[in-house]
Every structure is written in C-alpha cells, then in structure tokens.
Amino acid sequence: MRWPSPDSILGSNCPLCGRELDGPGVCSSCAREMHAARRHNLLYLGNYRKYKDVVRSLKYRGGRNLVPILAQKLAEGVRAAEWRPEAVTAVPTMWWRSWLRGYNPAEVLAREIAAELELPYQRVLARRYAPSQTRRGRDERSAVKAGVFYLRMILKQQTWLLVDDVWTTGGTFRAVERVLRAGGARAVYGAVIAARGD
Ligand SMILES: [Zn+2]
C-alpha cells in the first residue's frame, strides 16, 4: 500500500507562485530564484506584495517549514555584503502576542539565521505596551515608538544583525537601532523577509 505524502494531504501550494509544492516551504524553482537584495544597511528577499503569504504563514499558520530557506538566503546575503555582525537579535513583539502564538516569528527566523552564520542569538530587546498608533500622525507615531523598545541586558557585542519579518517605513528599525546604539552598539544591520513600498 502506498501512502500519500504529508504535503498532498495538506494540499500545500507554494506561497510565492501558487504551484504545487515539490519541496519544503517553497517550490524548488522559487527557492532557486530567491536572493537577498540589499538597500543600504538592509537585506530583504522581496517586496511585500510577493511575500505577503510567506509572512502571513509564519504569523498565523505556523509555517515553520519556511524558516530554513528564508534564513539560508538571508544568511547568504549577510556573507555577500561582508557585514560581519557579532550577534543576531530580533525586533520583539508584545509579550502577549508571542504568548498567544507560542512564538515570535521574527525571533524564530533570527535564531535560524544566527545558526546559519554560527553567531550567538541574543534576546536583548523588549517592548512595552503602547496604545494603538493608527490614529496618530506620523511624527507622533515615531516619537511614541522610540520609547516602546528597551534593552533587557547589557550588550556584549558591538555589531548587530537585527531581524524582523517586514520592513515598512523604517520607523521600527530606527527606534530599535537608537536603543542598541545607546547601549553601546557601533553598527546595526537589518534583515527582513519583505520590504513594503518597493
Ligand atoms: Zn514557487
């Protein structure tokens, strides 16, 4: 008797092209074409339009089988850029969000990138509760954001790779970078799955 593969039971399609999956996470042709692009200090795999199902899978459907390929490509990008970070960390979510989901997708990705690069992952950041920012103006939003993140411990390393799932306006990265620099970081590089406004 022949048993169907788990993917055929789940009816999984590639979250990038919609074709039937022939490998873990994304299809082999999307995996071949996936490369990290670089914009200043930021690496990203593609624009949000293309990657939105990938990002959503990680958040809401526990798409952990996507993590290895994403981490591998971003780690390749870090090596190609010759950034040489000393440690990796992730943009934190509110504790209750990761508690509800069981994990923070940015941290799961960051840990895998750290493993690829043979670097320590350090959970150095935390995030305070801040009321919804949707009705605030842009200036007010970024001022609020700067107070949202804080360091949980003294930094041992000076060059950091900061990981998140999506780069939107850069406000989050700037706020976190400010906190890391205030704690003694000399350089902060970013790696995300998708960038908006591309
Ligand atoms: Zn595909």
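Above this text sits the structure in question.
Reference entry: report on the structure contained in this document. (Residues numbered from 1 in each chain as written. Predicted model: local features only at pLDDT ≥ 70, side-chain atom pairs only at ≥ 80, totals over all residues. Heavy atoms only, no water.)

**Digging into the overall build of the protein**
Then, number 1: Along the protein, the regular secondary structure elements total 8 helices and 7 strands.
Then, number 2: Burial analysis of the protein (198 residues in total) assigns 48% to the buried set.
Then, number 3: Within the protein, contacts between residues separated by at least 24 positions form 73% of all contacts whose residues are at least 6 apart in sequence. (Helix = DSSP H or I, 4+ residues; strand = E, 2+ residues; numbered from the N terminus. Buried < 20%, exposed > 50% of the residue type's maximum accessible area, 1.4 Å probe, protein only. Contact = heavy atoms within 4.5 Å.)

**Considerations on the packing of helix 4 (residues 67–81) against helix 6 (residues 105–117)**
Then, number 1: Taken N-terminus to C-terminus, the directions of helix 4 and helix 6 make an angle of 55 degrees; their axes are 8 Å apart at the nearest point. One finds that helix 4 runs oblique with respect to helix 6. Crossing angle aside, the handedness with which helix 4 passes helix 6 is right-handed. Contact with helix 4, carried on its side by Val-67, Pro-68, Leu-70, Ala-71, Gln-72, Leu-74, Ala-75, Val-78 and Arg-79, involves Val-108, Leu-109, Glu-112, Ile-113, Glu-116 and Leu-117 of helix 6 and no other residues of that element.
Then, number 2: Grouping the constituent residues of the contact of helix 4 with helix 6 by class yields 11 nonpolar, 1 polar and 3 charged. (Axes fitted to C-alpha atoms, helices over the stretch in contact; angles between N-to-C directions. Parallel < 35°, antiparallel > 145°, perpendicular 65-115°, else oblique. Left-handed = near helix turned anticlockwise from the far one by under 90°. Nonpolar A, V, L, I, M, F, W, Y, C, P; charged D, E, K, R; others polar.)

**Some words on the pattern of salt bridges**
Then, number 1: Summed over the entire model, instances satisfying the criterion amount to 5 salt bridges.
Then, number 2: Where Lys-59 meets Asp-165, a salt bridge forms, and the shortest distance between an N and an O atom there is 3.4 Å. Taken together, the residues span a long stretch of sequence, with Lys-59 in helix 3 (residues 48–60) and Asp-165 in strand 6 (residues 159–167) at a distance of 106 residues.
Then, number 3: Looking at Lys-59, the relative accessible area reads 25%, which means it is partly exposed. (Salt bridge = Lys/Arg side-chain N within 4 Å of Asp/Glu carboxyl O.)

**Brief notes about helix 4**
Then, number 1: Between its terminal C-alpha atoms helix 4 stretches 21 Å, which fits the 21 Å expected from 15 residues at 1.5 Å a residue.
Then, number 2: Turning to helix 4, its buried residues number three or more, namely Val-67, Ile-69, Leu-70, Ala-71, Lys-73, Leu-74, Ala-75, Gly-77, Val-78 and Ala-81.
Then, number 3: Two residues or fewer after helix 4 comes Glu-82, characterised by a positive phi angle close to 55 degrees. (Expected span 1.5 Å × (residues − 1).)

**With respect to the coordination of the zinc ion**
Then, number 1: Every protein donor of the zinc ion is accounted for by Cys-14 (SG), Cys-17 (SG), Cys-27 (SG) and Cys-30 (SG), and the metal-donor separations fall at 2.3 Å.
Then, number 2: Coordination at the zinc ion comes from 4 donor atoms whose angles at the metal span 105 to 116 degrees, giving a geometry best classed as tetrahedral.
Then, number 3: Donor residues binding the zinc ion come from one chain and are separated in sequence as C-x2-C-x9-C-x2-C. Remark: Cys-27 occurs in the loop between helix 1 (6–10) and helix 2 (28–33) and Cys-14 occurs in the loop between helix 1 and helix 2; sequence separation between them is 13 residues. (Donors = N, O, S within 2.8 Å, 3.2 Å for Na, K, Ca; no water. Tetrahedral: all angles 85-135°; square planar, octahedral: opposite > 155°, others 65-115°.)

Just geometry here; none of it tells us what the structure is for.
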